[in-house]
Amino acid sequence: MPVSRRVLSVQVGSAHPVTIQGREVSSAYVKRPLEGPVAVRRLGLQGDEQADLSVHGGLSKAVYAYPSEHYGFWRTVRAQARVAAWDDELPPGALGENLTLTGLTEAQAWIGDVLRFPDCALAISEPRFPCFKFEHAMGFRQSVRLMAQSGYCGFYLAVREEGTVRAGDAFELVPGPREVSIAELFAARMRR
């Protein structure tokens, strides 16, 4: 049976000052969902900003995708850490992602694979590595360690073909060279 792969939600955010651990930094972590088609350009989605271009954005990290399959895990660990109630939902984009996907996790995603949407194509380029801004957004310090242990990191996408993307779009996974998976690369880097 073929796997159903689709975009559940599309999000963008603007950089703004936020105080984390007593210091003011710029962050575009908070994303808001958009309705309708969103333009996909070489450097990302129209209306999306990145606060720290040394670790986010650019040609190889134009769009950040996160599997919806992991949202239950984050709801549970946030409740266990007592920063959220057990029945609190995480809104789309809660992991800082531009695309909330279903049907593709890190174990099935390989560097160079292409996600072919009806009106654009995005290539998997690298895993996302967590930082202090992720901890701040999740609300508890162990969140970076839990992402490292679980491997639930999501992945960055480079734009192969510009166009548009919208919530509800199905996508085809076109295999690339299949030499290293997102899960393998993330695990190797987190062991350092």
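Residues numbered from 1 in each chain as written. Predicted model: local features only at pLDDT ≥ 70, side-chain atom pairs only at ≥ 80, totals over all residues. Heavy atoms only, no water.

Trainee: Help me out: how do you make sense of the environment of Glu179 in this one?
Mentor: By the element assignment, Glu179 lies in the loop between strand 13 (172-174) and helix 4 (182-191). Taking relative accessible area as the criterion, Glu179 reaches 69% and is therefore assigned exposed. Here the alpha-carbon distance between Glu179 and Leu45, two residues 134 residues apart in the chain, equals 28 Å. Setting aside its immediate chain neighbours within four residues, Glu179 contacts Trp110 and Glu184. (Helix = DSSP H or I, 4+ residues; strand = E, 2+ residues; numbered from the N terminus. Buried < 20%, exposed > 50% of the residue type's maximum accessible area, 1.4 Å probe, protein only. Contact = heavy atoms within 4.5 Å.)

Trainee: How do you make sense of the pattern of salt bridges when you look at a structure like this?
Mentor: Taken as a whole and assessed by the stated rule, the structure comprises four salt bridges. The residue Lys31 makes a salt bridge to Asp48 at a minimum N-O spacing of 2.8 Å. Of the two residues, Lys31 is situated in the loop between strand 3 (23-27) and strand 4 (32-33) and Asp48 in the loop between strand 6 (44-45) and strand 7 (63-67); the sequence distance between them amounts to 17 residues. Residue classification places Lys31 among the buried positions, given a relative accessible area of 12%. Assessed through its relative accessible area of 13%, Asp48 is described here as buried. With a shortest N-O distance of 3.2 Å, Glu161 and Arg116 are connected by a salt bridge. You can see Glu161 sitting in strand 11 (residues 155-161) and its partner Arg116 sitting in strand 9 (residues 114-116), a full 45 residues away along the chain. (Salt bridge = Lys/Arg side-chain N within 4 Å of Asp/Glu carboxyl O.)

Trainee: Any chance you could explain the nonpolar core here in plain terms?
Mentor: Proteins that are soluble and globular tend to have nonpolar side chains buried together. Within the largest apolar cluster, 43 residues are counted, with the highest numbers of intra-cluster contacts made by Trp74 and Leu99. Ignoring any residue separated from it by four or fewer positions in sequence, one finds Trp74 in contact with Tyr66, Leu90, Leu95, Phe134, Met138, Ser143, Leu146, Met147 and Tyr152. (Core = buried A, V, L, I, M, F, W, Y, C linked by side-chain atoms within 4.5 Å.)

Trainee: Can you help me understand the packing of helix 1 (residues 71-80) against helix 3 (residues 143-150) in this one?
Mentor: When two helices pack together, their arrangement is given by the angle between the helix axes and by the axis-to-axis distance. Look at helix 1 against helix 3: their axes get within 12 Å of each other, and the N-to-C directions meet at 140°. Between helix 1 and helix 3 lies a crossing whose hand is right-handed. Mapping the contact onto sequence places Phe73, Trp74 and Val77 in helix 1 and Ser143, Leu146, Met147 and Ser150 in helix 3. Residue classes in the contact of helix 1 with helix 3 are distributed as five nonpolar, two polar and no charged. (Axes fitted to C-alpha atoms, helices over the stretch in contact; angles between N-to-C directions. Left-handed = near helix turned anticlockwise from the far one by under 90°. Nonpolar A, V, L, I, M, F, W, Y, C, P; charged D, E, K, R; others polar.)

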